[in-house]
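# Examining the three-dimensional arrangement
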Amino acid sequence: MWHDLVAVQIPIVEKVLRTIAVYALILVLFRLVGKRGLAGLNTFDMVVVFLLSNVVQNAIIGNDNSLFGGAIGAVTLVAVNSAVTRWLSRDPRAARILEGTATTVVKDGKLVPGALHDLALRPSELEHAVRIQNGDDLGQVARARLEPDGQLLVTLKKGDQSATRGDVEDLRRRLEEIERLLTAIAADRRPPR
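All values derive from a computational prediction rather than experimental measurement.

## Observations concerning the overall build of the protein
- When you go through the protein residue by residue, the secondary structure sums to 9 helices and 4 strands.
- Each helix and strand of the protein, placed in order from N terminus to C terminus, yields the pattern α-α-α-α-α-α-β-β-α-α-β-β-α.
- Scored against the burial criterion, the 193 residues of the protein give a buried share of 25%.
- Contacts in the protein between residues at least 24 apart in sequence constitute 65% of all its contacts with a sequence separation of at least 6.
- When the accessible surface of the protein is summed, it comes to about 13900 Å², and 61% of that surface belongs to carbon and sulfur atoms.

So this is what it looks like as structure tokens:
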């Protein structure tokens with residue numbers, strides 16, 4: 001029993017190479033699917049992810065059910081992912097190639113023709129992103145774009161943005177100044193005693 005747990009049943013180098021190859025394949029598949037695939041996982045997407053992990057399991061572990069074999073695969077996946085993440089953070093060209101670039105879907109309150117269709121985004125998803133970011137409708141949007149990581153970022157037009165702390169502080173100062181001026185005017189209108 002203990003022997004089955006610890007004895008790696010295929011060569012370690014083969015297991016590492018299998019894991020790296022499957023990682024690269026999945027990376028390419030997700031790149032081909034595009035940003036929309038990462039925007040938000042619905043029920044169907046979750047089913048695909050679960051089935052995909054099951055489909056590639058044997059490609060990673062091969063004919064090896066040992067504890068150490070699984071640990072080698074897991075460590076290899078985490079190490080490769082960490083290396084790729086660090087590489088992408090240092091190399092903008094590689095990030096652009098592997099992750100892609102942002103795609104503008106709304107500009108000056110109007111949909112960019114064909115953008116939703118190309119990204120397979122539903123209008124309701126875009127409207128939801130606008131509401132989450134304090135907008136009421138597309139007319140208030142200066143720009144909305146789908147980032148390479150699948151996030152939909154919305155920038156509202158200047159007049160439609162929420163007040164910042166600086167805006168509130170500026171209003172408070174103005175009100176204090178008005179109050180001071182009104183007090184001075186009222187003092188000037190008092191009859192002498």
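## As for the pairing of strand β1 (residues 103-107)
- As paired strands, β1 and strand β3 (residues 141-146) are joined by 4 bridges and run antiparallel to one another. Paired with Thr103 across the two strands is Leu146, which belongs to β3.
- Both β1 and strand β2 (residues 110-111) contribute to a ladder of 2 bridges, which runs antiparallel. Among the inter-strand pairings, Val106 is bridged to a residue of β2, identified as Leu111.

## A look at the sheet that holds β1
- Judged by pairing direction, the sheet is antiparallel, and its 4 strands sit side by side in the order β2-β1-β3-β4 without closing on themselves. Both edges of this open sheet fall to β2 and β4 (152-156), since each of them pairs with a single strand only.
- Sitting on the sheet, helix α8 (residues 123-132) is in contact with β1, β2, β3 and β4, with an inclination near 55 degrees to β4.

## Quick word on the pattern of salt bridges
- For the structure shown, the criterion picks out 8 salt bridges.
- For Glu169, the salt bridge is made with Arg173, and the minimal N-O distance between the two is 3.7 Å. One end of the pair, Glu169, and the other, Arg173, are both in helix α9 (residues 165-189), 4 residues apart, so they sit about a helical turn from each other.
- The exposure class of Glu169 is partly exposed, given its relative accessible area of 29%.
- The residue Arg180 makes a salt bridge to Glu177 at a minimum N-O spacing of 2.4 Å. With Arg180 and Glu177 both in helix α9 and 3 residues apart, the pair spans about one turn of that helix.
- The partly exposed category is assigned to Arg180, whose relative accessible area is 46%.

## Topic: helix α6 (residues 92-99)
- With a side-chain oxygen positioned 3.2 Å from the backbone nitrogen of Arg93, the residue opening α6 is Asp91.
- Remark: Gly100 follows α6 within two positions and exhibits a positive phi of approximately 90 degrees.

## Structural notes on the confidence of the model for the protein
- With 88% of its residues at a pLDDT of 70 or more, the protein has an overall mean of 80.
- Of all the helices and strands in the protein, helix α3 (residues 36-39) carries the lowest mean pLDDT, 50, while helix α5 (residues 67-90) carries the highest, 88.

## Some details on the side chain of Gln140
- With respect to the helices and strands, the residue Gln140 is situated in the loop between α8 and β3.
- Note on Gln140: relative accessible area 14%, which makes it buried.
- Looking at Gln140, its side chain comes within polar contact range of the main-chain nitrogen of Asp136, at 2.4 Å.

## Quick word on the side chain of Lys15
- With respect to the helices and strands, Lys15 occurs in helix α2 (residues 12-33).
- Given the relative accessible area of 0%, Lys15 is considered buried.
- Aside from chain neighbours lying at most four places away, what touches Lys15 is Ile10, Ile60, Ile61, Asp64, Gly69, Ile72 and Gly73.

Conventions and cut-offs
Note that residues are indexed from 1 along each chain, following the sequence as it is written. The model is predicted, so local features are restricted to residues of pLDDT at least 70 and side-chain atom pairs to those at 80 or more, both for listing and for counting; the totals for chains, interfaces and linings are taken over all residues. Hydrogens and waters are ignored; side-chain quantities use all the structure's heavy atoms. Numbering goes from the N terminus for both helices and strands, where a helix is a DSSP run of H or I of at least four residues and a strand is a run of E of at least two. Burial classes follow relative accessibility: with a 1.4 Å probe on protein chains only, a residue under 20% of its type's maximum area counts as buried, one over 50% as exposed, and anything between as partly exposed. Only heavy atoms matter for contacts: two residues are in contact if any of them lie within 4.5 Å across the pair. All accessible-area figures derive from a Shrake-Rupley calculation using a 1.4 Å probe, and residue coverage is judged against the displayed protein chains alone. A pair of strands counts as paired when DSSP detects no fewer than two bridges linking them. Simply put, an axis is a line fit to the C-alpha atoms, just over the touching stretch for a helix, and the angle between two N-to-C directions goes from 0 to 180 degrees. Between Lys or Arg on one side and Asp or Glu on the other, a salt bridge is scored when a side-chain nitrogen of the former is within 4 Å of a carboxyl oxygen of the latter. Pairs of N or O atoms are called polar contacts if they sit within 3.5 Å, as long as, within protein, a hydrogen donor faces a hydrogen acceptor (for residues adjacent in sequence, only side-chain-to-side-chain pairs). Along the chain, pLDDT gives the predictor's confidence residue by residue, from 0 to 100.

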